Amino acid sequence: MNVMSRTNSKHPHETVIMDSHEMTRALTRIAHEILERNKGCHDVGLVGIRTGGVHLAQRLKQLVSQIEQTEVVLGELDITLYRDDLALRKNQPVLKKTDIPFHLSDLKIVLVDDVLFTGRTIRAAMDGLMDLGRPAEIQLAVLIDRGHRQLPIRANYVGKNIPTAKDENIRVFLEELGEEDRVAKLINAENTA
Amino acid sequence: MSFKRKDLLGLAPLSQEEMALILDSAEPFKEVSGREIKKVPALRGRTVVNLFFEPSTRTRTSFELAAKRLSADVVNFSPSSSSVVKGETLLDTARNIEFMQADILVLRHSSAGAAEILAKNSRMSVINAGDGWHEHPTQALSDLLTIKEKKGQVRDLHVAIVGDVAHSRVARSNIHALTKMGANVRVVGPPTMMPLFLHRLGVEVYHDFDKAIAGVDVVIMLRLQLERQGRSLFPSIREYARLYGLTSERVQRAAKDVLVMHPGPVNRGVEIAHDVVDSGSAVILDQVANGVAVRMGLMYLLSQRN
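These numbers come from a predicted model, not from an experiment. (Residues numbered from 1 in each chain as written. Chains lettered and ligands numbered in written order. Predicted model: local features only at pLDDT ≥ 70, side-chain atom pairs only at ≥ 80, totals over all residues.)

Q: How should the pairing of strand β9 (residues 182-186) of chain A be read in this particular structure?
A: One face of the sheet, then the other: side chains in a regular strand alternate in exactly this way. Residues and elements named next belong to chain A. Pairing of strand β2 (residues 11-18) with β9 involves four bridges; the strand directions are antiparallel. For E14, the partnering residue across the bridge sits in β9 and is L186. Bridge count for strand β8 (residues 169-173) against β9 is five bridges, and the pairing is antiparallel. In the sheet register, F173 faces β9, and the bridge partner there is R182. (Pairing = 2+ DSSP bridges. Helix = DSSP H or I, 4+ residues; strand = E, 2+ residues; numbered from the N terminus.)

Here it is, written out as structure tokens:
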């Protein structure tokens, strides 16, 4: 076990990579970066990728409104129907609703996801967005970038870069989903998604 | 849970959970149909064949739109312009379609059990789009989705199904669907249009519409199949309309927020009065809209089977 890693007595099968404070700091920085890059947020829309990305996008929306005292529009995207492995998966992914209550066209859309890994989810999300309109720009914000890209995709905003082995399991736990806020590396592969 | 079946032949063999899964899978597709670009790539490269041996506009169009909005390729076979008129059997027709590598076959046929025979003899997923007097499962699922949307849930609702129950596959599928989801179902019609032993399906049988409609939450009107009138199930259409037609006076007897449903095509002025079709209680067009979503959800689930 390396020096950086911390084990948590409450979660014995995990190495905690980010705790709740670190997550909040990273998200606050991302919110500032989004505002800086786009010179405010009047033409910005946040779109969270289900499920984890949606909650992170909600938090970013709140942070942005605290910093800038303006509201940024928020949508939710389900990418199941756009997956490239739809026909290959053993389990049927559960379909959820896509809910984007604003016109994408001419907005700068910030896609929000929890973990950036192969890039295939982001490819699917971009296709999904394009079917809904013609955004002026698509940017990508992720809490964790764990490498191992299979497509030429790069995030504009990253909470933390974490070097990982391909078979490692990185999970983002969120209060909104009934967990204590943290990012962890699972030691047993028992919880593989 | 996941959907394990290869085919959808009827609702009688389905569990409550399986029906709920189809409804849950249908709901996200309503958003897709509301988009400017009404298409998602979920069934890209798959082939859906519509094989309809009976005339149908609504159901065939609904299946065709559902498949196209999932990006599948769709072929429509109609018997008058195919080798069926040359004497080919149903099974041979289906085998030929199968060996053209179709993935989903949608069948409407006048014989009960036709879809089941093809399902047993084919690798394709078969969807029953109506077989004789047997079942029309996707219609009943569209009705369930409509009720669920408007009422929040199906359990404990009082539902009346009115008309020629004996000759109605819609009625049979709806009875299975509604009773399994926990609704209280009563069927209404003249004795000549009621099959024997209907009570075994867990429904109450009424012959007096005015009594039966009292306090119900949903009324499903069946189409009077005018083409069957030669069989003298009833003295005259006028008498049928007077005794079993849904008028606004009868609607008053039902619950205040009653839903009026009809699988179409509507015979205005026969089983249902003009002003009722156009009233706020009628959700007939919602049923049509939900039909596309249900068929998309179903084809998505069937295509996910490995």
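Q: What's the story with the nonpolar core in this structure? I'm lost.
A: A general tendency of soluble globular proteins is for nonpolar side chains to be buried together. Residue and element names in this part refer to chain B. Residues L105, I161, V219 and M299 are the most contacted members of the largest nonpolar core, which totals 145 residues. It is helix α11 (residues 284-303) that provides the largest number of residues to this core, a total of nine residues. Here this core gathers at least three residues from each of two domains, domain 1 (16-135 + 289-303) and domain 2 (137-287). With near-sequence residues (within four places) excluded, M299 lies in contact with L43, V48, A66, A67, L70 and I104. (Core = buried A, V, L, I, M, F, W, Y, C linked by C-beta atoms within 7 Å. Buried ≥ 20, exposed ≤ 12 C-beta atoms within 10 Å, placed from the backbone. Domains from an automatic or database assignment. Contact = placed C-beta atoms within 7 Å.)

Q: I would appreciate a short explanation of the domain arrangement of chain B in the present structure.
A: A common measure of how large an interface is: the accessible area buried when the components associate. All names here are of chain B. If you check the domain split of chain B, you get domain 1 (16-135 + 289-303) and domain 2 (137-287). Placing a centre on the C-alpha atoms of domain 1 and another on those of domain 2 gives a separation of 26 Å. Contributing elements (two or more residues each) for the side of domain 1 that touches domain 2: α1 (16-33), β4 (125-131) and α11. Take the side of domain 1 that touches domain 2: its biggest share by element is seven residues, from α11.

Q: Looking at this structure, I do not really get the sheet that holds strand β4 (residues 73-77) of chain A. What am I missing?
A: Backbone-to-backbone hydrogen bonds pair the strands of a sheet. The strands run either parallel or antiparallel. Residues and elements named next belong to chain A. In space, the five strands of this open sheet follow the order β4-β3-β5-β6-β7, with parallel pairing throughout. Either end of the sheet is taken by a strand with one partner, and the two such strands are β4 and β7 (157-161). Averaged over all adjacent pairs, the angle separating strand axes in this sheet is 25°, with direction ignored. Here strand β5 (residues 108-116) runs beside strand β6 (residues 137-145); their pairing, made up of eight bridges, is parallel. For D113, the partnering residue across the bridge sits in β6 and is V142. (Axes fitted to C-alpha atoms, helices over the stretch in contact; angles between N-to-C directions.)

Q: Can you help me understand the interface of chain B and chain A in this one?
A: Between chain B and chain A, the contact holds 15 residues from the first and 13 residues from the second. Here the side of chain B that touches chain A gets four residues from one element, more than from any other, and that element is α1 of chain B. Looking at side-chain class alone, the side of chain B that touches chain A contains seven nonpolar, four polar and four charged residues. (Nonpolar A, V, L, I, M, F, W, Y, C, P; charged D, E, K, R; others polar.)

Q: What should I look at first to understand the environment of L118 of chain B in this one?
A: Residue and element names in this part refer to chain B. In this structure, L118 sits in helix α4 (residues 114-120). Residues L118 and V216 lie 98 residues apart in sequence; the distance between their C-alpha atoms is 39 Å. Discounting chain neighbours no more than four positions away, the residues touching L118 are A94, L105, L107 and V126.

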